[in-house]
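# Residue-level structure breakdown
Chain residues, written in single-letter form:
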Amino acid sequence: MEKLDIPQGTLDLMILTILVREPMHGYGISQRLAVLSHDHFRVNPGSLFPSLYRLEQDGKLKAEWRGTENNRQAKYYRLTAAGKRQLEQHRERWNRVSFAITSVLEGA
Amino acid sequence: MTLLQRFASIVRWIVHRNRAEADMDDELRTFVDMAAADNERDGHERSEARRLAMIDLGGVEQVKERIRVARHGGWLDEIGRDVRYAARNCATNPGLTTVIVLTLALGIGANTAIFSLFDALMLRLLPVRDPQQLVQVRIGEPGKTDVHFSYPIARALADRRDIFSTAAGFSVWSFNVGAPGSVVVVRGALVTGSFYETLGVNPVEGRLLTRGDDEIGAPLVAVIGHGYWVRQFAARPDIVGQTLTVGGVPVTVVGVSPRGFVGATVGEIADITMPAAAVPRIQPDAARLLERGNFWLRVLARPADGVSAPQATTRLNAMWRQVSDTLISPGWPAFLRKRMAESVFELSPGGTGWTILRNEYRRPLLVLMAVVSVVLLIACANVASMLLARASSRQREIALRLAIGAGRARIVRQLLIESTLVSLMGSAVGLAFAWLTSRFLVTLISSGPFDVVVDLSPNWHVLGFTLALGIATALAFGTVPALQTTVADPASTLRADSRMTTQPSRLLPLLVSGQVALSLVLLIGAGLFVRSLQNVQAVDPGFKSEGVLLVDLNARQNPLPLDFLDDLRQVPGVVSASMSTHTPFSGALWSEAAVPAGQPVPERDNALFVGASPDFFATMQIRLVAGREFTDRDAADRPGVVIVNRAYAQRYFPNQNPVGQHLSATVRGQRRDLEIVGLVESAHAAALRNAPRSTVYVAYSQLSGNLPTTVTFRVAGSLAQTSDAIRRLLQTKVPNAAIEIRPLSAQVNATVNQERMMAALASGFGLLAVVLACIGLYGLLAYGVARRVKEIGIRVALGAEQRRIMTMVVKRAARLVLVGIVVGLPAALAASRWIESMLFGLKPTDVMTIAGAIGMLIITAHVAVYIPAWRASRVDPLAALRHE
């Protein structure tokens, strides 16, 4: 199946959504994104990691190294309070945007 | 995220960059490991699983680079790397880097030097409290106000607290300091009592002057400058309370002003500062300065709190209408009193102090700023062509970087950073050049008997100017080469044979012609200034200044007796000696009203007056045309006699012999009848640029009242030896005077300072411009020959003569220079109109000057052309054809 491009500006929203449930490492995030999007989205590490680093630098995420279930060390990202606030704002905005787009498309 | 947090995170990133880089590596490795493990689980072979995971990642370095770019402050990091790369690049080509840095240093240094002079004279604020608040008070006809005030007006202004919180008058002054027999002149200032209060300066020792010191009868006190304290008193701490002998009377030192503060007159250092009210006691002949008729003090003031400058002006004018009557001298003629009463006040910014040099040098300095910016433009063009020439050799490197994915913008930025780096190195060297030459610049503007002292040490104005200039310069010479280099299609560049890629830029000849044009403009300007100086110096002043020594004596109530000169005439080397009230080009003039007897005497002055003793004309070698010189018999009790100059005679006695005629004149307020006994050739008294003025010489012995007296000697042989002998004799004859003997020629020379400065600097910069332009021309030709070695070799092999090969190079150069001249000539004509008012004795379109400049340009260009042409003619066909 052909993969879709991730719409501009929504990658941050999806990363935050995935991390709100539990802290996760970069590879886990990319796998979870594929599963949750029913394999429509595959995020390129060249896009994922810059987003993660910027969100961390902005204080939305906090990163720490710890062991995985397979006894490997991995860098886990966890949502901060600021990240949660940002998630709510972005989700609210996304809801309005998608509602608006759907309305337009159905009205046509 | 707030700005502060963002800033903090950038700082963290920079500080922890190494750890963060390691972190990135670890994290990406983990990512690949995990992906590989999953792929293996999906049934791929281990190595294949890993390969797929790597493909998935898309290259560790690329991802890391994208992370770096995405982070805040990532750009800082990149620029840091660009700078390091640029530094490596400069180091790999030290020869070229040195040439570029030196070229820029000359251009930038010239700008910095002229700017620092401009800054010191025009822009530098006084080292006082809140200098921006200070205003300079002016008075006069609207739009033509002057900065000088009488002592009573300066005091009255200081008393108006509703207008000014403080106001003070000041003027430079020469004090006669020391015990009789060893009196020296010390430069300083006379000020009103509120001077230091107005400026807001604090003493380093003792106290400064206060209003109480500036009263008639107050104890005589002085404040000395920090430099004088260190030089003269070895900075001894018990200086307060010491006495100085000033004008023969003891004066108590009450304090030392701070280091760096040298008074409010720019270009002068006040070693001694005394209250104006002390004048009658330290120099009785100048006592009249405190009266209403003498305008000699500049006034600086601070407007009162809440009073704007326009409000202050309005209140000043209202005040003046009420009090002008009491402050204008009753001794003045009615028209002057009326004009003075109708005067208005104006305020101008006063934070930069005051100097007469400002009026004199504003225009010359602006012209020089324009000149040096043209020099810098030429230097930029030079460097740009060097970079363009080198660009061809860098094209492979750049094509390679473009091919492996660097953006064009990124490479352009990299190249511009390289330009900025060399430009800043050039700025640093230029700053050093400027600092080294600043002494020389100050001596160029020094005029008169006292040195101009201005602080040219680099301050933040100058540093900021140089830095901004460096960056602007980098953009000016770097942009075009950077854009040109990166435009190439990487694929074809990399494929092509290395020799074929060196397609030279079409801009190169354009840049060279442009340099020739600009240097022609400067050469013509320099020629015009040099010719003006020659013309001014060729003006016959009407007297012979070589071999004449002058010494000013204190003014006195009555003229010195004529036998004062008797023993001075006996000094070996003295040919003749005389006394006069004024000497040519001393800066002081005396004018009175004088007309043929029977005509009404005008209120306004119409002739220069000079009091002269017997032998004055012989000493000055002013030619006597008719009648006689003054003699010993023209004494005070004899009928008044005068000698007029030709200019006066032509105006008032056209086509008549003036000798024997009588004049009606006002001399020092008294109406007098004077007989003309002689006619002399006109001599210049002030500006050589103007025609000599009508002058009436009166017999020195027949004058009375306060007389400035200068003794004039004509000397045969060594001026220095005779000068020493005269000084020794005068020290015994007038022990209370400071004996400073100077040659008349120096006094005359000082008046053509501005012309000399323009001629020296304009020709210096003009030569620099031509040399730079010729280096550019040489570079282009040499580069062209080097590039075409193979072609030239083939031509020679096919039988071309050496002459033909040389002609080929010379023709190319001639074309470039010709285009430069054709463009430069009209530019020069347009530009020279701007300096027309500074020229003397020639038009800006002077054919000789223009032809001379073109000739000089062509001669210099020959040197630049000859070497590459000779080299081309010596190409060995065998070596050239083997050459890769």
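Residues numbered from 1 in each chain as written. Chains lettered and ligands numbered in written order. Predicted model: local features only at pLDDT ≥ 70, side-chain atom pairs only at ≥ 80, totals over all residues. Heavy atoms only, no water.

This paragraph deals with the overall build of chain A. In terms of helices and strands, chain A carries 4 helices and 3 strands. Helices and strands appear in chain A in the N-to-C order α-β-α-α-β-β-α. When its C-alpha atoms are laid out on the principal axes, chain A stretches across 55 × 35 × 20 Å. Buried residues in chain A amount to 42% of all 108 residues. In chain A, the proportion of contacts linking residues at least 24 apart, taken out of those at least 6 apart, comes to 48%. The centroid of the 16 positive side-chain charges in chain A is displaced by 6 Å from the centroid of its 12 negative side-chain charges. (Helix = DSSP H or I, 4+ residues; strand = E, 2+ residues; numbered from the N terminus. Buried < 20%, exposed > 50% of the residue type's maximum accessible area, 1.4 Å probe, protein only. Contact = heavy atoms within 4.5 Å. Lys, Arg positive; Asp, Glu negative; His and termini not counted. Charge placed at Lys NZ, Arg CZ, Asp CG, Glu CD.)

Bringing the side chain of Ser545 of chain B into the picture now. Note on placement: Ser545 of chain B falls in the loop between helix 17 (507–538) and strand 13 (548–556). The class for Ser545 of chain B is buried, based on a relative accessible area of 8%.

Looking now at helix 15 (residues 460–486) of chain B. Spanning 27 residues, helix 15 of chain B covers 37 Å between terminal C-alpha atoms, matching the ideal 39 Å at 1.5 Å per step. Of all the bends in helix 15 of chain B, the greatest, near 40 degrees, is centred on Gly478 of chain B, and the proline Pro481 of chain B appears no more than four residues after it. (Expected span 1.5 Å × (residues − 1). Bend = angle between axes of the 7 residues up to and from the residue.)

Quick look at the packing of aromatic side chains now. Two numbers describe a pair of aromatic rings. These are the distance of the centres and the angle of the planes. For the structure shown, the criterion picks out 19 aromatic pairs over all chains. Look at Phe49 of chain A and Phe31 of chain B: their rings are 5.5 Å apart centre to centre, the planes differ by 75 degrees, and that puts the pair in the edge-to-face class. Of this pair, Phe49 of chain A sits in helix 3 (residues 45–57) while Phe31 of chain B sits in helix 2 (residues 17–41), on two different chains. Each member of the pair, Phe49 of chain A as well as Phe31 of chain B, carries the same accessibility label: buried. Positioned above the aromatic ring of Tyr76 of chain A, the side-chain terminus of Arg66 of chain A is 4.3 Å from the ring centre. Positioned over the ring face of Trp590 of chain B is Arg668 of chain B, at 5.4 Å from the centre of the ring. (Phe/Tyr/Trp six-rings, centres within 6.5 Å; stacked < 30°, edge-to-face > 60°. Lys NZ or Arg CZ within 6 Å of the ring centre and 35° of its normal.)

So, on to the state of the cysteines. Residues and elements named next belong to chain B. Applying the stated criterion across every chain yields a total of 0 disulfides over all chains. Note on Cys90: no disulfide assigned, nearest cysteine sulfur contributed by Cys380 at a separation of 16 Å. Taking the relative accessible area as the measure of exposure, Cys90 reaches 10% and is therefore buried. You can see Cys774 has no disulfide; the closest cysteine sulfur is in Cys380, sitting 18 Å from it. By relative accessible area, Cys774 is classed as buried at 9%. (Disulfide = S-S within 2.5 Å.)

So, about the confidence of the model for chain A. Reading predicted coordinates in detail is not appropriate for stretches of low pLDDT. Per-chain confidence: chain A averages 88 in pLDDT, with 97% of residues scoring 70 or above. Mean pLDDT across the elements of chain A ranges from a minimum in helix 3 of chain A, with 88, to a maximum in strand 1 (residues 24–25) of chain A, with 92. (pLDDT = per-residue confidence, 0-100.)

Let us look at the nonpolar core. All names here are of chain B. By size, the foremost hydrophobic cluster in this structure holds 100 residues, and its most contacted members are Ile114, Leu121, Leu365, Phe477, Phe765 and Leu777. Here the element with the most residues in this core is helix 13 (residues 356–403); it accounts for 20 residues. In contact with Phe477, other than residues within four places in its own chain, are Leu104, Cys380, Val383, Ala384, Leu387, Ser419, Val422 and Ser423. Phe164, Ile224, Ile239 and Met340 belong to the second largest nonpolar core, which has 54 residues in total. (Core = buried A, V, L, I, M, F, W, Y, C linked by side-chain atoms within 4.5 Å.)

We note that His38 of chain A has phi near 55 degrees; this positive angle belongs to a residue other than glycine. Residue placement: His38 of chain A occurs in the loop between helix 2 (26–36) and helix 3. His38 of chain A sits in the exposed class, given a relative accessible area of 63%. Located in the positive-phi region is Asp615 of chain B, a residue other than glycine, with phi close to 75 degrees. Take Asp615 of chain B: it is sitting in the loop between strand 17 (607–612) and helix 19 (616–620).

This part covers the sheet that holds strand 2 (residues 61–67) of chain A. Residue and element names in this part refer to chain A. One open sheet accounts for 3 strands, arranged 1-3-2; its pairing is antiparallel. Lying at the two open borders of the sheet, with one neighbouring strand each, are strand 1 and strand 2. With 2 bridges connecting them, strand 1 and strand 3 (residues 73–79) associate as antiparallel partners. Paired with His25 across the strands is Tyr76, a residue of strand 3. Its contacts with the sheet place helix 1 (residues 11–21) against strand 1, strand 2 and strand 3, and it is angled at close to 100 degrees to strand 3. (Pairing = 2+ DSSP bridges. Axes fitted to C-alpha atoms, helices over the stretch in contact; angles between N-to-C directions.)

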